[in-house]
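Residues per chain, in single letters:
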Amino acid sequence: MITLRHVSHNFGPHWALKNISLDVCKGDFLFLVGPSGAGKTTLLRLLHGAIPLQRGQASVAGFDLQTLTSRNVHRLRREVSVVFQDFKILPERTVFANVALALEVRNMPRPHTERRVRAVLRGLDLEAKAQNLCAELSGGEQQRVAVARAVVVGPQLLLADEPTGNLDRELAMRLMSIFLQFHAHGSTIILATHNQEILSCLPTAKILHLEDGSVAWANWSLSDTE
Ligand SMILES: Nc1ncnc2c1ncn2[C@@H]1O[C@H](COP(=O)(O)OP(=O)(O)O)[C@@H](O)[C@H]1O
Ligand SMILES: [Mg+2]
């Protein structure tokens, strides 16, 4: 699903990623951990084409990031969904409208959109809130809307950037159980967190620990693939 080889990224004089190599297979769950400023968000942004590949080789969901341009990045985004730390949902629109938008921009026929959105809202226990404005929701509910919007398109790969960062422990654990359900259904997931406790939710997951842009340690080896 993802292959990175010797990927580095700089913002001016500052190297946010230094020589990262990584393999993620279809169906993997990868935790991206490390302190604030370690490069987690930069790595996720690179993986969905929000920032260009500067150095190294990278392929994501069958797309070579070296040949990705602003004109074809939408094709990658069809396969890769993101749950942003600050949700990025539209507060003045309803829950239904926020989730449906992800399908409307893909020109999905209306009846199909309605069916899919209802099914996802049901799965995330948001059905009763479908017609509420997002501004009226609690933080935990807004977070679930962000997850609903990401998964409704049936992405090959789901990226989540500290999705439990603003939640209390109970809500964080509920959200994790939702990610684990998607994983159990075969989704490939990368979840960035600086909360070590989250890792205990899935002891079999791969872990990549970033520190100051470098891989500090990983619980698997690339030696088989290099
Ligand atoms: N757009 C940007 N411009 C300049 N520096 C940036 C930018 N984005 C991130 N950085 C820097 O890159 C480093 C890694 O940031 P980031 O990927 O956001 O880390 P994390 O998500 O692990 O907290 C930090 O030192 C940060 O200040
Ligand atoms: Mg970050």
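Right above here is the structure, for reference.
Residues numbered from 1 in each chain as written. Chains lettered and ligands numbered in written order. Predicted model: local features only at pLDDT ≥ 70, side-chain atom pairs only at ≥ 80, totals over all residues. Heavy atoms only, no water.

J.: Explain the pattern of salt bridges to me, using residue names and the numbers behind them.
T.: Applying the stated criterion to the full structure yields 10 salt bridges. Note that Asp212 and Lys18 form a salt bridge whose closest N and O atoms lie 3.2 Å from each other. Here the residue Asp212 occupies a position in the loop between strand E9 (206-211) and strand E10 (214-218), and Lys18 occupies one in strand E2 (residues 14-24), the gap between them amounting to 194 residues. On the basis of relative accessibility, which here comes to 47%, the residue Asp212 falls in the partly exposed class. Linking Arg110 and Glu114 is a salt bridge whose minimum nitrogen-to-oxygen distance equals 3.2 Å. (Salt bridge = Lys/Arg side-chain N within 4 Å of Asp/Glu carboxyl O. Helix = DSSP H or I, 4+ residues; strand = E, 2+ residues; numbered from the N terminus. Buried < 20%, exposed > 50% of the residue type's maximum accessible area, 1.4 Å probe, protein only.)

J.: Run through the side chain of Ser8, naming residues and quoting values.
T.: Mapped onto the elements, Ser8 comes out in strand E1 (residues 2-11). Ser8 sits in the buried class, given a relative accessible area of 12%. At a separation of 2.8 Å, a polar atom in the side chain of Ser8 contacts the main-chain amide nitrogen of Asn19. Discounting chain neighbours no more than four positions away, the residues touching Ser8 are Trp15, Leu17, Lys18, Asn19, Gln54 and Arg55. (Polar contact = N/O pair within 3.5 Å; in protein donor to acceptor, adjacent residues only side chain to side chain. Contact = heavy atoms within 4.5 Å.)

J.: Pulling in residues and values, what's your account of the sheet that holds strand E3 (residues 29-33)?
T.: Pairing is mixed in the open sheet, where six strands are placed in the order E6-E7-E8-E3-E9-E10. Across the chains shown, the open sheet's two edge strands, defined by having one partner strand only, are strand E6 (80-83) and E10. Across the sheet, the axes of successive neighbouring strands diverge by a mean angle of 20°, strand direction being ignored. Looking at chain direction, E3 and strand E8 (residues 188-193) are connected through five bridges and run parallel. (Pairing = 2+ DSSP bridges. Axes fitted to C-alpha atoms, helices over the stretch in contact; angles between N-to-C directions.)

J.: Please provide a residue-by-residue account of the site of ligand 1, values included.
T.: The environment of ligand 1 is formed by Phe11, His14, Ala16, Pro35, Ser36, Gly37, Ala38, Gly39, Lys40, Thr41 and Thr42. For ligand 1, an oxygen atom lies 3.0 Å from a polar atom in the backbone of Gly39. At the level of secondary structure, the elements contributing two or more residues to the shell around ligand 1 comprise E2 and helix H1 (40-47). Considering each element in turn, the shell around ligand 1 owes the most residues, three residues, to H1. Looking at the shell around ligand 1 residue by residue, the classes come out as four nonpolar, six polar and one charged. (Near = heavy atom within 4 Å. Nonpolar A, V, L, I, M, F, W, Y, C, P; charged D, E, K, R; others polar.)

J.: Describe H1, listing the residues and the values that go with them.
T.: Of all eight residues that make up H1, six are buried, and the element is covered over most of its length. Within the span of H1, buried status applies to Lys40, Thr42, Leu43, Leu44, Leu46 and Leu47. With its phi angle positive at about 75°, Gly49 sits one or two positions after the end of H1.

J.: Got a sec to walk through the packing of helix H3 (residues 95-104) against helix H5 (residues 139-151)? Specific residues and values, please.
T.: With their axes 7 Å apart at the nearest point, H3 and H5 run at an angle of 30° to one another. Taken together, the axis directions place H3 and H5 in an arrangement best described as roughly parallel. Crossing geometry of H3 relative to H5 is assigned as right-handed. Contact with H3, carried on its side by Val95, Asn98, Val99 and Ala102, involves Val145, Ala148 and Arg149 of H5 and no other residues of that element. Looking at the contact of H3 with H5 residue by residue, the class counts come to five nonpolar, one polar and one charged. (Parallel < 35°, antiparallel > 145°, perpendicular 65-115°, else oblique. Left-handed = near helix turned anticlockwise from the far one by under 90°.)

Spatial relationships are all this shows, so hold off on functional conclusions.
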